[in-house]
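Tertiary structure, described
Residues per chain, in single letters:
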Amino acid sequence: MRYEDLYRQSVEAPEAFWAEQARAIHWHRAPDAILDYSNPPFRRWFVGGETNLCFNAVDRHLDERGEQLALVGWSTETDSIRELSYRELHREVNVFAASLQSLGVGRGDRVVIYMPHTVDAVVAMLACARIGAIHSVVFGGFAAHNLALRIDDAQPRVLVTADAGIRGGKVIPFLPLVNEALSRAGHPPEKVLVVDRGLAGPLALREGRDVDYATLRRAHEDADVPVAWLESNEPSYILYTSGTTGKPKGVQRDVGGYAVALALSMWAVYDIRPGQVMFSTSDIGWVVGHSYNVYGPLIAGATSIIYEGLPTSPDAGIWWRIVERYGVRTMFSSPTALRVLKKHDPSFITDRDLSSLQHLFLAGEPLDEPTARWISEVLGTPVIDNYWQTETGWPVLTLMPGVEMKPVRFGSPGLPNLGFRLRVIDEATGEDAPAGQKGVLVIQPPLPPGCMSTVWRNDQRFVDSYFGHFKELLYSSLDWAIRDEDGYTFILGRTDDVINVAGHRLGTREIEESVSSHPDVAEAAVIGVQDAVKGQVPIVFATLKRAHSDEEASETAAQMQKVVVEQLGGVARPARVYVVNALPKTRSGKLLRRSLQALAESRDPGDLSTLDDPGALDEVRRALERGP
Ligand code: ATP
Ligand code: MG
């Protein structure tokens, strides 16, 4: 099959195309209409159809693959492996669903899941889906403040949590964080359901509020909980964006469109058939975790690996041992994680039998060419850059080995995914930018299945944040892009990451790429700061691969400036280069450029609720005081 043909069908006759794709999932009631776009920019797919994510992910496979592995929970933190067949998963989900019901949770109620990345967390998500409750997973690494914000927005009936998370061997008890969050929250849940992993000693449960799952489940071991059949457009979950550009937005997802989009992507994009194994290293706290650790692989009847731990512990070979042991076919990770592995000996990877591994996808932020080349060479397989957003739920730009593998072009996440009508719009004119010219990437509405329905309880924010940028009604999350003659699209960073040096508009990404091509640089962040003469000038914050003296650091900094001038010209010359030991990132691994920029311009660093390591910001402050 040719990609072009399938893509053309998907955008020229979308209703016929999606009607066909909808056959891949189970419908309790067939849709009355494929698309309702009578109230733009809102759109509804598979109107009147009734289905259920849990049924499609679990029950539907029982006859054919009940004994096949559904989930493998591999934890290097607790040194354990837990394997669940589809039949065992079905049992666990029923017990959990009955337990939730016994706490009063029903259709349309919200359940906040604040859990470590474990099989139990997946079970909790599926249990919610089964009974029509709306889950809102909050990344287990977030602190009380983030949890409280999300609780107040989602207003859950129940919070599901664990006794503790564990990171790099350090046990982090969750209950103190939960207590703090609930005392701050304006709308705390009535009940807290605690899954005890036995990591944090005896549970200090609050009488009347906290419930120990091990005790509660005993009353429900044999439960058979009927599936709640939901209209295709009822909400399935709420998930917050990463907060890289500001306050996180609560993305609301539907049921039917999401299931159909995931079913399609599992074979077309990720090239996974029933019975094959997918390993996504994301956490269930992020959208990739929702779509490709949980719902996608299970809807496809595949096996999904749920990995808890660092990519480098006990050593940098851990992920590749998992690939070898379970015969992983498709892996999904992030550029940040690969840059961490790049600091280690490649023999950690090449020493394993990786003959099962066909594809590695990377998503979440720009994939720099040195990292892409390094990992493709080490693995001997092409590495596929994926561009998407929490909002879209599945890839926007990708290559599709399941349809037709096109050549990789470094620096580009490839071609439009099926169903996505993408345009690059010239910011000044509001018209389509010609090939080779920079513009803003937009999706021509209606958004395809899988994408968000709205911002949770805030339709106005949905309209304003995503559809209010151009004279035409176009969806955009404001990323810069260039499309080449063949339709390959290159993402140049966010529109607010552009630096205007004496009238020249430079993408932070191109300068970062250039700085990163210096062999000693591990990672670089480039921002623009105000300058009396030029308007703005680029400055660089970089980490180095090896330990270094101050002299070595300033020598390397000077070389970085030289590299940029050689590659991009004098106008891009970084005015200052700061060598630091860590860069500030969100918990999902994205550079917080807006905070770097604010500090460099002596402003308030803004919403830091999703900042990973406060130490990294302190370091930047010190570096700024010290001078480059
Ligand atoms: P917020 O919307 O709250 O500011 P965020 O945009 O980082 O945070 P996510 O949904 O996690 O939230 O990330 C989506 C964004 O990540 C994209 O809009 C884009 O800027 C960036 N991104 C994702 N994948 C890629 C990629 N392959 N190449 C370049 N950029 C990417
Ligand atoms: Mg965004």
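Keep in mind the model is a prediction, meaning the values are calculated, not measured.

Each value, and the rule that gives it
- Residues numbered from 1 in each chain as written.
- Chains lettered and ligands numbered in written order.
- Predicted model: local features only at pLDDT ≥ 70, side-chain atom pairs only at ≥ 80, totals over all residues.
- Heavy atoms only, no water.
- Helix = DSSP H or I, 4+ residues; strand = E, 2+ residues; numbered from the N terminus.
- Buried < 20%, exposed > 50% of the residue type's maximum accessible area, 1.4 Å probe, protein only.
- Contact = heavy atoms within 4.5 Å.
- UniProt positions renumbered as here; feature names shortened; annotations may be inferred.
- Phe/Tyr/Trp six-rings, centres within 6.5 Å; stacked < 30°, edge-to-face > 60°.
- Lys NZ or Arg CZ within 6 Å of the ring centre and 35° of its normal.
- Disulfide = S-S within 2.5 Å.
- Salt bridge = Lys/Arg side-chain N within 4 Å of Asp/Glu carboxyl O.
- Expected span 1.5 Å × (residues − 1).
- Core = buried A, V, L, I, M, F, W, Y, C linked by side-chain atoms within 4.5 Å.
- Pairing = 2+ DSSP bridges.
- Axes fitted to C-alpha atoms, helices over the stretch in contact; angles between N-to-C directions.
- 1 Å grid on protein atoms, 1.4 Å probe; cavity = no way out; pocket = protein on both sides within 12 Å on 5 of 7 lines; lining within 4 Å.
- Points joined across faces, edges and corners; volume = space filled by probe spheres on them.
- Nonpolar A, V, L, I, M, F, W, Y, C, P; charged D, E, K, R; others polar.

1. As for the side chain of Q252
With respect to the helices and strands, Q252 occurs in strand β15 (residues 250-253). Under the relative-accessibility criterion, Q252 is labelled buried at 10%. Setting aside anything within four residues of it in sequence, one finds Q252 in contact with P235, Y237, M452, S453, T454, W456 and R457.

2. Looking at the UniProt feature "domain: AMP-binding enzyme C-terminal" (unreviewed entry) in the chain
Look at the UniProt record and you will see "domain: AMP-binding enzyme C-terminal" (unreviewed entry) annotated at residues 510-590. Along residues 510-590 one finds 32% helix and 31% strand; the C-alpha atoms at either end are 17 Å apart.

3. So, the packing of aromatic side chains
If you walk through the whole model with that rule in mind, you get 32 aromatic pairs. Relative to F332, the ring of Y292 lies with its centre 6.1 Å away and its plane at 20°, an arrangement referred to as stacked. Here Y292 is found in helix α11 (residues 287-299), whereas its partner F332 is found in strand β18 (residues 330-333), with 40 residues between them in sequence. The buried category is assigned to F332, whose relative accessible area is 1%. The side chain of R409 reaches across the aromatic face of Y488, ending 4.1 Å from its centre. In this arrangement the basic side chain of K438 is found over the ring face of W480, its NZ or CZ atom lying 5.8 Å from the centre.

4. Examining unusual backbone geometry
Omega for the bond connecting S313 with P314 falls within 30 degrees of zero, at 5°, which places this linkage in the cis form. Tracing the chain through its elements places P314 in the loop between β17 (303-308) and α12 (318-326). The step from P445 to P446 runs through a cis peptide bond, and the omega angle for that step is 0°. When you line up the elements, P446 lands in the loop between β24 (439-443) and β25 (454-455). Not every positive phi belongs to a glycine, and D79 is a case in point at roughly 55°. Within the fold, D79 resides in the loop between β4 (69-75) and β5 (80-85). Residue D79 is classed as exposed on the basis of its relative accessible area, which comes to 71%. The phi angle at L478 is positive, at roughly 65°, despite the residue not being glycine. Summarising the element assignment, L478 is placed in the loop between α16 (459-467) and β26 (479-483). Relative accessible area serves as the criterion here: at 26%, L478 is assigned to the partly exposed category.

5. Details of the state of the cysteines
By definition, a disulfide is the covalent link that joins the sulfur atoms of two cysteine residues. Counted by the stated rule, this structure contains zero disulfides. Left without a disulfide partner, C54 is nearest to the cysteine sulfur of C128, which lies 10 Å away. Relative accessible area serves as the criterion here: at 0%, C54 is assigned to the buried category.

6. Description of the pattern of salt bridges
For the coordinates displayed, the defined rule picks out 42 salt bridges. For R65, the salt bridge goes to E64, with nearest N and O atoms at 3.9 Å. You can call R65 buried: its relative accessible area is 16%. Judged by its relative accessible area of 70%, E64 is exposed. Close ionic contact of R184 with E180 constitutes a salt bridge, the shortest N to O distance being 2.8 Å.

7. Examining the environment of V58
Note on placement: V58 falls in the loop between α3 (53-57) and α4 (62-65). A C-alpha to C-alpha distance of 13 Å links V58 and A259, two positions 201 residues apart in sequence. Apart from residues no more than four positions distant in its own chain, V58 is found in contact with Y86, L89, H90 and L126.

8. As for helix α10 (residues 256-268)
Compared with the 18 Å implied by 1.5 Å per residue over 13 residues, the 18 Å span of α10 between its first and last C-alpha is a close match. By the criterion of burial, α10 is predominantly enclosed, with twelve of the 13 residues buried. What α10 keeps buried is the set G256, G257, Y258, A259, V260, A261, L262, A263, L264, S265, M266 and A268.

9. Describing the side chain of T398
Here T398 is to be found in strand β21 (residues 397-398). The residues touching T398, leaving out its near neighbours within four places in the chain, are V269, F361, I384, D385, N386, P413, G414, L415 and N417.

10. What to know about the nonpolar core
Of all hydrophobic cores here, the largest spans 118 residues; its most connected members are L89, F96, L100, L126, V160, L193 and Y295. Per-element tally for this core: the top contributor is helix α6 (residues 119-131), with eleven residues. Among the nonpolar cores identified, the runner-up in size contains 30 residues, and I322, L338, L354 and V378 belong to it.

11. Here we look at the sheet that holds β5
Overall, mixed pairing links the seven strands, which are arranged β5-β4-β17-β16-β18-β19-β20 in an open sheet. Looking at strand neighbours, the two that pair on one side only are β5 and β20 (383-386), the edges of this open sheet. Across the sheet, the axes of successive neighbouring strands diverge by a mean angle of 20°, strand direction being ignored. Sheet topology places strand β16 (residues 277-280) next to β18; three bridges connect them, and they run parallel. Residue pairing across strands places S280 opposite F332, the latter belonging to β18. Of the strands in this sheet, β4, β5 and β17 are in contact with α6, which crosses β4 at around 140°. Where α11 meets the sheet, it contacts β4, β16, β17 and β18, and its direction lies at approximately 170° from that of β16.

12. As for empty space enclosed by the protein
Taken as a whole, this structure holds four cavities of 30 Å³ or more when the rule is applied. As a volume, the largest cavity reaches approximately 100 Å³. Residue lining of the largest cavity: 15 residues in total, with V383, D385, V408, R409 and S412 positioned closest to the centre. Listed by contribution, the elements that provide at least two residues to the lining of the largest cavity are α15 (369-379) and β20. Looking at side-chain class alone, the lining of the largest cavity contains eight nonpolar, three polar and four charged residues. In terms of residue class, the lining of the second largest cavity is built from seven nonpolar, four polar and no charged.

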